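Geometric and topological summary
Chain by chain, the residues:
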Amino acid sequence: MAGGNERSMKALKEVWKRAENSLCADCGKPDPDWASSTLGVFICLSCSGIHRNIPSISKVKSLKMDYWDDAQVQFLAKHGNAVTKAIYEAHIPIYYYQPTYNDCQVLREQWVRAKYERKEFTEPGKQLPYSDGVKEGILWKRGRDNGQFLPRKFLLSEREGCLKYFTKQDAKEPKINVKIDVINATFQPEKIGNPNGLQITYLKDNKTRNIFVYHESGKEVVDWFNAIRSVQFHYLKVAFPIASDNEIKNRLTRNFLKEGYMEKTGPKQREAFKKRWFTLDHRRLMYFKDPLDAFAKGEVFVGSGENGYSVQKGLPSGTQGNFSWHYGITIVTPDREYLFTCETETDQLEWIRAFTSVINQAMTPQEYASKCLDAVSFPS
């Protein structure tokens, strides 16, 4: 018996060591140490918890702590991540967001369920709930003034190229009507205080506006997210006919590069530093009095190094404004310097890395056209 167990463990390690199995089959996290004995995939601890919630589809075991018999090891050897992905990920729409281990729980869970439970990607041309070019339904939206979440009707239309929402079910005119090409959507469960919280941002008069929504169903809110990406993708295919599918895919919804609190001072650099919530959305640095504010109090354009932008650790000598946090950052632009302080050195270094990643990128023609944002006032 002991010899058989040793033989199984040796065979298991051989399969486990294959290059195809070095990343979690669902989120891409390195060095997965769990596997599904019914699906034949190698997965990380976090994804194993999602699999455990669909026991009719997947039975998971630890590769280190659990016993694997010969038949189970042979099943893993016959399948593995490459073979199983070829089946369950055969026809993923190019616009569909495939989450990584850095993404939130609802995105990762619905990705796993879409693949194995609903088998959404196994057949070509399958009708999917986010691929119709139109989606209508109720989302709970946070009120701009009272902060209460109330049910609101939303309508997404590929034909009209827009997203609308209505304050009443029978309302004929929408409260907002936003063109699809100026919309971004990103999951914000912690900020919104709901595991299915979604932040929808859009540009109006070249300034950012925020809408915070959620749905009780994780599937429904992820379907909305991918429906937005689907409509955006088809809109951009028409607008940029010579662009490749991957180029267009990279222009769909994006996560913020960095968010968090910093202190800031005004343009004279003599005012007291005030604590504000900052969001870096590619080249837009916005700040808010509260993380759930609908409108940014100020924005600044962060250009490229070759155009005179840089980030420096610390504050200029002789800075006069009073500040309670002591880890400074200076953003240098062609017109002025912006001064910030962070609570910890870790925050400071993370912000500097985020700014550096933007500044090191060459600007596109569209971003040149947006440089006027750099002249936007950055009041206190």
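Residues numbered from 1 in each chain as written. Predicted model: local features only at pLDDT ≥ 70, side-chain atom pairs only at ≥ 80, totals over all residues. Heavy atoms only, no water.

A closer look at the state of the cysteines
To be explicit about the condition: The disulfide definition used here is simple: a pair of cysteine sulfur atoms within 2.5 Å. Per-residue accessibility, obtained with a 1.4 Å probe over protein chains only, is compared with the maximum for each type, and a residue is labelled buried under 20%, exposed over 50%, and partly exposed between these values.
In the structure shown here, the tally under the stated rule is zero disulfides. Between Cys-47, a cysteine without a disulfide, and Cys-24, which holds the nearest cysteine sulfur, the sulfur-to-sulfur distance is 3.8 Å. For Cys-47, a relative accessible area of 0% translates into the label buried.

Overview of the UniProt feature "domain: PH" (unreviewed entry) in the chain
The following threshold applies: UniProt positions are given in the numbering used here, feature names are shortened, and annotations may be inferred rather than shown by experiment. Put simply, DSSP marks the helices as runs of H or I at least four residues long and the strands as runs of E at least two long, and each gets a number from the N terminus on.
Per the UniProt annotation, the sites labelled "domain: PH" (unreviewed entry) are residues 132-233 and 255-360. Regarding residues 132-233, the helix share stands at 20% and the strand share at 46%, and the terminal C-alpha atoms are separated by 13 Å.

Some remarks on the sheet that holds strand β9 (residues 198-204)
Short version of the rule: What makes two strands pair is DSSP finding at least two bridges between them. All axes here are fitted lines through C-alpha atoms, helices being fitted over the stretch that makes contact, and every angle between N-to-C directions spans 0 to 180 degrees.
Pairing is antiparallel across the open sheet formed by seven strands, whose spatial order is β7-β6-β5-β4-β10-β9-β8. In this open sheet, the two strands that pair with only one neighbour each are β7 (176-179) and β8 (183-187). Across this sheet, the average inter-strand angle for adjacent strands is 35 degrees, counted without regard to direction. Where strand β6 (residues 162-166) meets β7, four bridges bridge the pair, whose relative direction is antiparallel. Among the inter-strand pairings, Tyr-165 is bridged to a residue of β7, identified as Ile-176.

Overview of unusual backbone geometry
For Asp-31, which is not a glycine, the phi torsion comes out positive at approximately 60 degrees. By relative accessible area, which is 65% here, Asp-31 ends up exposed. Although it is not a glycine, His-282 sits at a positive phi angle of roughly 55 degrees. Checked against the element boundaries, His-282 lands in the loop between β12 (274-281) and β13 (284-288). Given the relative accessible area of 24%, His-282 is considered partly exposed.

Regarding the domain arrangement of the chain
Rule in force here: The split into domains, and so the bounds of each, comes from an automatic or database assignment of domains. Between two residues, a contact is recorded if the distance between any of their heavy atoms is within 4.5 Å. Take the accessible area each of two parts loses on contact, using a 1.4 Å probe, and add the two losses: that sum is the buried area. Salt bridge, as applied in this entry: a Lys or Arg side-chain nitrogen positioned within 4 Å of an Asp or Glu carboxyl oxygen. N or O atoms within 3.5 Å of each other form a polar contact, as long as, within protein, one can give a hydrogen and the other can take it, and as long as residues adjacent in sequence are counted only when both atoms are side-chain atoms. In this count, Pro and Cys sit with the nonpolar residues alongside Ala, Val, Leu, Ile, Met, Phe, Trp and Tyr, while Asp, Glu, Lys and Arg are called charged and the others, Gly among them, polar.
Domains assigned within the chain are domain 1 (1-117), domain 2 (134-250) and domain 3 (258-376). On a C-alpha basis, the centres of domain 1 and domain 2 stand 33 Å from each other. Domain 1 puts eight residues into the contact, and the matching count from domain 2 is 17 residues. When the two sides are added together, the surface that domain 1 and domain 2 hide from each other amounts to roughly 1100 Å², 73% of it contributed by carbon and sulfur. The largest contributions to the domain 1 side of the interface with domain 2 come from Ile-94, Tyr-95 and Val-106, which together make up 54% of the buried area. Counting across the interface, domain 1 meets domain 2 through zero salt bridges. Taken together, the links from domain 1 to domain 2 amount to two residue pairs in polar contact (both at pLDDT 80 or more). Residue composition of the side of domain 1 that touches domain 2, by class: seven nonpolar, one polar and no charged.

Some words on helix α3 (residues 70-78)
Turn by turn, an α-helix covers 3.6 residues, leaving residues three or four places apart pointing in a common direction. By the N-cap criterion, in which a side-chain oxygen at the helix start approaches the backbone nitrogen of a residue two or three places on, α3 is capped by Asp-69, the distance to Ala-71 being 3.2 Å. Positive backbone phi, approximately 80 degrees, marks Gly-80, located one or two places after α3.

A closer look at the pattern of salt bridges
Applying the stated criterion across every chain yields a total of 20 salt bridges. In this structure, Lys-115 and Asp-26 form a salt bridge, with 2.6 Å as the shortest nitrogen-oxygen distance. With Lys-115 in helix α5 (residues 105-117) and Asp-26 in the loop between α1 (2-16) and β1 (34-36), this pair connects stretches of sequence that are 89 residues apart. The same class applies to Lys-115 and to Asp-26, which are both buried. The closest approach of N and O atoms between Lys-135 and Glu-220, which form a salt bridge, is 3.2 Å. Of this pair, Lys-135 sits in strand β4 (residues 134-142) while Glu-220 sits in helix α7 (residues 218-239), placing them 85 residues apart in sequence.

A short note on the packing of aromatic side chains
Stated formally: Pairing of aromatic side chains requires ring centres within 6.5 Å, counting the rings of Phe and Tyr and the six-membered ring of Trp. Pairs whose planes differ by under 30 degrees are stacked, by over 60 edge-to-face, and all others tilted. Two limits define a charge over a ring: the Lys NZ or Arg CZ must be within 6 Å of the ring centre, and within 35 degrees of the ring normal.
Within the structure shown, the criterion is met by 19 aromatic pairs. Directly above the ring of Tyr-287 sits Lys-264, whose terminal nitrogen or CZ lies 5.0 Å from the centroid. In this structure, Lys-275 packs its charged tip against the face of Tyr-261, placed 4.4 Å from the ring centre.

Notes on the pairing of strand β5 (residues 149-157)
Pairing of β4 with β5, which is carried by nine bridges, proceeds in the antiparallel orientation. Paired with Ile-138 across the two strands is Lys-153, which belongs to β5. The antiparallel hairpin formed by β4 and β5 contains six residues in its connecting segment, where Gly-147 sits at a positive phi of about 75 degrees. Two strands pair when backbone bridges link them, and β5 and β6 are joined in this way by five bridges, in the antiparallel orientation. Its bridge partner being in β6, Phe-154 is matched across the sheet by Tyr-165.

Side note on the sheet that holds β1
Taken in spatial order, the three strands make up an open sheet running β2-β1-β3, and their pairing is antiparallel. For this open sheet the edge positions go to β2 (42-43) and β3 (60-62), each flanked by a neighbour on one side alone. Sheet topology places β1 next to β3; three bridges connect them, and they run antiparallel. Within β3, the residue paired with Ser-36 across the bridge is Val-60.

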